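Here is what each chain is made of, one letter per residue.
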Amino acid sequence: MARHFYQAEITWTCEGDFAANAYSRGHHWSFDGGVQVLASSSPSMVPVPQSIEAAVDPEEAFVAALSSCHMLWFLDLARRDGLDVKAYRDAAEGVMERIAPGKMAVTRVILRPEVTFGGAELPEAARVEHLHHRAHEACFIANSVTSEIELAARPSILA
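Residues numbered from 1 in each chain as written. Predicted model: local features only at pLDDT ≥ 70, side-chain atom pairs only at ≥ 80, totals over all residues. Heavy atoms only, no water.

**Quick word on unusual backbone geometry**
Omega for the bond connecting Val48 with Pro49 falls within 30 degrees of zero, at 15 degrees, which places this linkage in the cis form. Within the secondary structure, Pro49 is located in the loop between strand E5 (36-39) and helix H1 (58-80). The backbone of Asn21 sits at a positive phi, close to 60 degrees, despite the residue not being glycine. Relative to the helices and strands, Asn21 resides in the loop between strand E2 (16-17) and strand E3 (22-23). (Helix = DSSP H or I, 4+ residues; strand = E, 2+ residues; numbered from the N terminus.)

**As for the sheet that holds strand E4 (residues 27-31)**
An order of E1-E4-E5 is seen for the 3 strands of this open sheet, with the pairing classed as antiparallel. Either end of the sheet is taken by a strand with one partner, and the two such strands are strand E1 (8-11) and E5. Geometrically, the sheet is characterised by an average inter-axis angle of 25 degrees between neighbouring strands, direction not taken into account. Direction of pairing for E1 relative to E4: antiparallel, over a ladder of 4 bridges. By the bridge assignment, Thr11 is partnered in E4 with His28. (Pairing = 2+ DSSP bridges. Axes fitted to C-alpha atoms, helices over the stretch in contact; angles between N-to-C directions.)

**Here's the deal with the environment of Ala8**
Within the secondary structure, Ala8 sits in strand E1. Here the alpha-carbon distance between Ala8 and Asp32, two residues 24 residues apart in the chain, equals 7.2 Å. When neighbours within four sequence positions are excluded, Ala8 is seen to be in contact with Ser30 and Phe31. (Contact = heavy atoms within 4.5 Å.)

**Some thoughts on the nonpolar core**
Within the largest apolar cluster, 10 residues are counted, these being Phe74, Leu77, Ala78, Leu83, Tyr88, Val115, Phe117, Val128, Leu131 and Ala135. Listed by contribution, the elements that provide at least two residues to this core are H1, strand E9 (113-117) and helix H2 (125-138). Beyond its immediate stretch of four places on either side in the chain, Tyr88 contacts His70, Met71, Phe74, Leu75, Pro113, Glu114, Val115 and His132. (Core = buried A, V, L, I, M, F, W, Y, C linked by side-chain atoms within 4.5 Å. Buried < 20%, exposed > 50% of the residue type's maximum accessible area, 1.4 Å probe, protein only.)

**Remarks on the side chain of His27**
Residue placement: His27 occurs in strand E4. A distance of 3.3 Å separates a polar atom in the side chain of His27 from a polar atom in the side chain of Trp29. Setting aside chain neighbours within four positions, we find His27 in contact with Ile10, Thr11, Trp12, Val37, Leu38, Ala39 and Ser40. (Polar contact = N/O pair within 3.5 Å; in protein donor to acceptor, adjacent residues only side chain to side chain.)

**Structural notes on the side chain of Ser42**
Within the secondary structure, Ser42 sits in the loop between E5 and H1. In terms of polar contacts, Ser42 uses its side chain to reach the side chain of Ser44, at 2.8 Å. In this structure, Ser42 is in contact with Ser51, Asp57 and Glu59, ignoring residues within four places of it in sequence.

**With respect to a nonpolar patch on the surface**
Together, Met45, Met96 and Met104 make up an exposed nonpolar region whose accessible area comes to about 250 Å². Assignment of secondary structure puts Met104 in strand E8 (residues 103-110). Given a relative accessible area of 35%, Met104 falls into the partly exposed group. (Patch = residues over 30% accessible without salt bridge, like charges linked within 9 Å, V, L, I, M, F, W, Y side chains within 5 Å. Areas by Shrake-Rupley, 256 points an atom, 1.4 Å probe, with all protein chains shown as cover. Salt bridge = Lys/Arg side-chain N within 4 Å of Asp/Glu carboxyl O.)

**Comments concerning the environment of Gly118**
Structurally, Gly118 can be placed in the loop between E9 and H2. Spatially, the C-alpha atom of Gly118 lies 53 Å from that of Gly16, the residues being 102 residues apart in sequence. Setting aside residues up to four positions removed in sequence, Gly118 forms contacts with Asp84 and Lys86.

**Regarding the packing of aromatic side chains**
Following the criterion strictly, the structure yields 5 aromatic pairs and no others. Relative to Phe18, the ring of Trp12 lies with its centre 6.2 Å away and its plane at 55 degrees, an arrangement referred to as tilted. The exposure class assigned to Trp12 is partly exposed, which follows from its relative accessible area of 39%. Residue classification places Phe18 among the exposed positions, given a relative accessible area of 51%. A ring pair is formed by Trp73 and Phe140, whose centres lie 5.5 Å apart and whose planes are at 80 degrees; its orientation type is edge-to-face. (Phe/Tyr/Trp six-rings, centres within 6.5 Å; stacked < 30°, edge-to-face > 60°.)

Printed below as a string of C-alpha coordinates:
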(Lines give C-alpha, C1' and ligand atoms only; values in the text may rest on other atoms or scores of the structure.)
Protein backbone atom coordinates (compact mmCIF):
# COMPACT_ATOMS: atom_id res chain seq x y z
CA MET A 1 0.00 0.00 0.00
CA ALA A 2 1.33 3.44 -0.92
CA ARG A 3 1.89 5.92 1.88
CA HIS A 4 2.24 9.64 1.47
CA PHE A 5 3.04 12.13 4.22
CA TYR A 6 1.94 15.76 4.41
CA GLN A 7 3.11 18.44 6.79
CA ALA A 8 1.90 21.83 7.88
CA GLU A 9 3.52 24.05 10.47
CA ILE A 10 1.23 26.29 12.50
CA THR A 11 2.81 29.19 14.43
CA TRP A 12 1.26 31.73 16.78
CA THR A 13 2.78 34.33 19.06
CA CYS A 14 0.74 36.15 21.67
CA GLU A 15 -0.28 39.69 20.72
CA GLY A 16 -2.50 41.39 23.27
CA ASP A 17 -3.66 40.50 26.77
CA PHE A 18 -3.92 36.71 26.99
CA ALA A 19 -5.31 36.65 30.56
CA ALA A 20 -8.08 39.09 29.64
CA ASN A 21 -9.04 37.08 26.51
CA ALA A 22 -8.09 40.13 24.43
CA TYR A 23 -5.39 38.50 22.33
CA SER A 24 -5.13 37.99 18.58
CA ARG A 25 -6.07 34.60 17.19
CA GLY A 26 -4.05 35.39 14.06
CA HIS A 27 -1.44 32.80 13.19
CA HIS A 28 0.40 31.37 10.17
CA TRP A 29 0.21 28.12 8.28
CA SER A 30 3.44 27.16 6.50
CA PHE A 31 3.62 24.41 3.90
CA ASP A 32 6.51 22.44 2.41
CA GLY A 33 6.58 24.42 -0.85
CA GLY A 34 7.23 27.65 1.06
CA VAL A 35 3.69 29.01 0.96
CA GLN A 36 2.56 30.86 4.07
CA VAL A 37 -1.10 31.56 4.77
CA LEU A 38 -2.48 33.99 7.32
CA ALA A 39 -5.02 32.11 9.41
CA SER A 40 -7.30 33.00 12.31
CA SER A 41 -10.35 31.88 14.17
CA SER A 42 -13.60 32.60 12.37
CA PRO A 43 -15.02 36.06 13.11
CA SER A 44 -18.36 34.31 13.65
CA MET A 45 -16.79 32.50 16.62
CA VAL A 46 -14.34 35.10 17.95
CA PRO A 47 -15.21 38.73 17.16
CA VAL A 48 -12.84 41.12 15.40
CA PRO A 49 -10.31 42.45 16.47
CA GLN A 50 -9.31 39.23 18.25
CA SER A 51 -9.88 37.37 14.97
CA ILE A 52 -8.70 38.53 11.55
CA GLU A 53 -11.52 38.75 9.04
CA ALA A 54 -9.18 38.68 6.01
CA ALA A 55 -7.48 35.47 7.17
CA VAL A 56 -8.46 31.89 6.38
CA ASP A 57 -10.14 30.08 9.25
CA PRO A 58 -9.97 26.29 9.79
CA GLU A 59 -13.62 25.78 8.83
CA GLU A 60 -13.13 27.62 5.51
CA ALA A 61 -9.96 25.61 4.89
CA PHE A 62 -11.87 22.37 5.48
CA VAL A 63 -14.54 23.37 2.94
CA ALA A 64 -11.88 24.52 0.46
CA ALA A 65 -9.92 21.26 0.85
CA LEU A 66 -13.02 19.19 0.09
CA SER A 67 -13.90 21.36 -2.91
CA SER A 68 -10.35 21.40 -4.25
CA CYS A 69 -9.92 17.64 -3.94
CA HIS A 70 -13.26 17.02 -5.68
CA MET A 71 -12.30 19.40 -8.50
CA LEU A 72 -8.90 17.78 -9.05
CA TRP A 73 -10.48 14.33 -9.31
CA PHE A 74 -13.27 15.61 -11.57
CA LEU A 75 -10.76 17.22 -13.94
CA ASP A 76 -8.70 14.04 -14.17
CA LEU A 77 -11.75 11.82 -14.72
CA ALA A 78 -13.22 14.20 -17.31
CA ARG A 79 -9.92 14.26 -19.20
CA ARG A 80 -9.74 10.46 -19.15
CA ASP A 81 -13.34 10.39 -20.42
CA GLY A 82 -12.35 12.51 -23.43
CA LEU A 83 -14.01 15.74 -22.32
CA ASP A 84 -12.49 19.18 -22.78
CA VAL A 85 -12.87 21.20 -19.57
CA LYS A 86 -12.13 24.90 -19.99
CA ALA A 87 -13.05 26.20 -16.52
CA TYR A 88 -14.33 25.02 -13.17
CA ARG A 89 -15.82 27.09 -10.37
CA ASP A 90 -17.29 25.94 -7.07
CA ALA A 91 -19.17 28.15 -4.59
CA ALA A 92 -18.77 25.57 -1.82
CA GLU A 93 -20.35 26.09 1.58
CA GLY A 94 -19.98 24.42 4.94
CA VAL A 95 -22.57 24.29 7.70
CA MET A 96 -21.44 24.18 11.30
CA GLU A 97 -23.91 23.42 14.05
CA ARG A 98 -24.15 22.14 17.59
CA ILE A 99 -24.05 18.33 17.75
CA ALA A 100 -24.02 17.97 21.56
CA PRO A 101 -23.81 20.28 24.55
CA GLY A 102 -20.59 22.25 24.18
CA LYS A 103 -19.68 20.49 20.92
CA MET A 104 -19.84 21.95 17.39
CA ALA A 105 -19.04 20.31 14.07
CA VAL A 106 -19.11 20.99 10.36
CA THR A 107 -22.06 18.70 9.68
CA ARG A 108 -22.48 19.30 5.98
CA VAL A 109 -20.49 20.63 3.05
CA ILE A 110 -22.33 21.59 -0.12
CA LEU A 111 -20.30 21.58 -3.32
CA ARG A 112 -21.77 23.62 -6.18
CA PRO A 113 -19.42 22.98 -9.09
CA GLU A 114 -20.03 24.82 -12.35
CA VAL A 115 -18.05 23.33 -15.23
CA THR A 116 -17.39 25.03 -18.56
CA PHE A 117 -16.69 22.63 -21.41
CA GLY A 118 -15.08 23.21 -24.78
CA GLY A 119 -16.05 21.37 -27.92
CA ALA A 120 -19.04 21.38 -30.22
CA GLU A 121 -21.68 20.46 -27.64
CA LEU A 122 -22.21 20.02 -23.93
CA PRO A 123 -21.87 16.50 -22.56
CA GLU A 124 -25.12 14.98 -21.31
CA ALA A 125 -26.03 15.94 -17.75
CA ALA A 126 -26.05 12.28 -16.66
CA ARG A 127 -22.48 11.86 -17.88
CA VAL A 128 -21.30 14.91 -15.94
CA GLU A 129 -23.24 13.80 -12.85
CA HIS A 130 -21.60 10.38 -13.06
CA LEU A 131 -18.15 12.00 -13.23
CA HIS A 132 -18.99 14.09 -10.14
CA HIS A 133 -20.11 10.92 -8.33
CA ARG A 134 -16.86 9.16 -9.24
CA ALA A 135 -14.83 12.21 -8.18
CA HIS A 136 -16.58 12.25 -4.81
CA GLU A 137 -15.90 8.55 -4.31
CA ALA A 138 -12.21 9.04 -5.14
CA CYS A 139 -11.62 12.27 -3.20
CA PHE A 140 -8.97 11.69 -0.53
CA ILE A 141 -10.32 14.45 1.70
CA ALA A 142 -13.93 13.25 1.51
CA ASN A 143 -12.71 9.75 2.32
CA SER A 144 -10.75 11.16 5.30
CA VAL A 145 -13.59 12.88 7.11
CA THR A 146 -13.85 9.91 9.47
CA SER A 147 -10.09 9.74 9.96
CA GLU A 148 -8.54 9.23 13.38
CA ILE A 149 -6.96 12.29 14.97
CA GLU A 150 -3.92 11.38 17.05
CA LEU A 151 -2.48 13.85 19.56
CA ALA A 152 1.26 13.52 20.15
CA ALA A 153 2.06 16.66 22.17
CA ARG A 154 5.70 17.59 22.69
CA PRO A 155 7.14 18.69 26.05
CA SER A 156 6.23 22.24 27.09
CA ILE A 157 8.80 25.04 27.08
CA LEU A 158 9.19 27.86 29.61
CA ALA A 159 9.64 31.29 27.96
